[in-house]
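# Structural description and commentary
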Amino acid sequence: MDNPLSSAGKRDHAVTVRRILKVNHAGEFGAIRIYGAQIWMARRLFPEIVSALREMRDDEIEHCRLFRDAMPSRNAKPCRVMAFWSLGGYLLGFLTALGGRNMVWICTEAVESTVHRHEDQLAFLKTRDRELHGLIASIQEEELAHLREAERNQTRRGIGHALLLPVVAALTDLMIWLSTWGDSSWMRAEMARSKRV
């Protein structure tokens, strides 16, 4: 695990930057797997939404690539248990697609609503890593577009929405935490501390 303190006892912001990359890369990879399972099911059950899901998955593939490409110059590495994301994301996508078209869009809303996390990342990176700041800001726009589309395509926002949205959001947070060995918690704590300094 990276030590957030330098040898001089000062906070090493490069560690937080590496954690931001690891967490974001893992999240994008998980989203690819969720969309992949939903596309597989949608082709059989509700083919009219396949093209929209494919477009969103293509965006996530590009986001994942961009985060991966940003890693070497910052000495960052992907999380060690990508297979966990692969299985977890696929199961989440498959199960929500079994629940129907509306459940697919509720899942998309829950996954893409995690975009608010980028606000703290952007504030942290603004003066510390302008290139990564610009990358995350551009990705955030596409994720907000996915969120708006998911909200627009839901036919109803009743009990299924009220129950599934927090569950999927919590599962996504848990998968990120587990797959990054708690780096998402360290990252949030370090960004919070940097605001107070």
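See above for the structure.
What this report covers is the structure whose coordinates are included nearby. All figures in this text were calculated on a predicted structure; none of them were measured in a lab. (Residues numbered from 1 in each chain as written. Predicted model: local features only at pLDDT ≥ 70, side-chain atom pairs only at ≥ 80, totals over all residues. Heavy atoms only, no water.)

Along its length, the protein carries eight helices and zero strands. Element order for the protein, N to C, with α for helix and β for strand: α-α-α-α-α-α-α-α. Put simply, 79% of the contacts in the protein that link residues at least 6 apart link residues at least 24 apart. Summing over all exposed atoms, the protein offers an accessible surface of approximately 9,900 Å²; the carbon and sulfur share of this is 58%. (Helix = DSSP H or I, 4+ residues; strand = E, 2+ residues; numbered from the N terminus. Contact = heavy atoms within 4.5 Å. Areas by Shrake-Rupley, 256 points an atom, 1.4 Å probe, with all protein chains shown as cover.)

Going through the model one piece at a time under the given rule, you end up with five salt bridges. Measuring nitrogen to oxygen at the nearest pair gives 2.4 Å for the salt bridge that ties Arg101 to Glu48. Residue Arg101 is found in helix α4 (residues 101–112), and its partner Glu48 is found in the loop between α1 (13–45) and α2 (50–70); the two are separated by 53 residues along the sequence. Glu62 serves as the salt-bridge partner of Arg65, at 2.6 Å between the closest nitrogen and oxygen. Within this pair, Arg65 and its partner Glu62 are both found in helix α2, separated by three residues, close to a single helical turn. (Salt bridge = Lys/Arg side-chain N within 4 Å of Asp/Glu carboxyl O.)

Between the first and last C-alpha of helix α6 (residues 130–153) there are 35 Å, a value that for 24 residues agrees with the 34 Å anticipated at 1.5 Å per step. Of the residues making up α6, those classed as buried are Leu132, His133, Leu135, Ile136, Ile139, Gln140, Glu143, His146, Leu147 and Ala150. Buried residues belonging to α6 abut α1, α2, α4 and α5 (117–125). (Expected span 1.5 Å × (residues − 1). Buried < 20%, exposed > 50% of the residue type's maximum accessible area, 1.4 Å probe, protein only.)

A cluster of nonpolar side chains, Phe84, Val167, Leu171, Leu174, Trp177 and Leu178, forms an exposed patch at the surface whose accessible area comes to about 510 Å². By residue number, the principal contributor to the nonpolar patch is helix α7 (residues 159–179), which donates five residues. Relative to the helices and strands, Leu174 resides in helix α7. (Patch = residues over 30% accessible without salt bridge, like charges linked within 9 Å, V, L, I, M, F, W, Y side chains within 5 Å.)

Let's shift gears to the packing of α2 against α4. Between α2 and α4, whose axes approach to 13 Å, the crossing angle comes to 20°. Compared by their axis directions, α2 and α4 come out roughly parallel. Pair α2 / α4 crosses with left-handed handedness. Contacts from Ala52, Leu53, Met56 and Glu60 of α2 reach α4 at Val104, Trp105, Thr108 and Glu112. Residue composition of the contact of α2 with α4, grouped by class: five nonpolar, one polar and two charged. (Axes fitted to C-alpha atoms, helices over the stretch in contact; angles between N-to-C directions. Parallel < 35°, antiparallel > 145°, perpendicular 65-115°, else oblique. Left-handed = near helix turned anticlockwise from the far one by under 90°. Nonpolar A, V, L, I, M, F, W, Y, C, P; charged D, E, K, R; others polar.)

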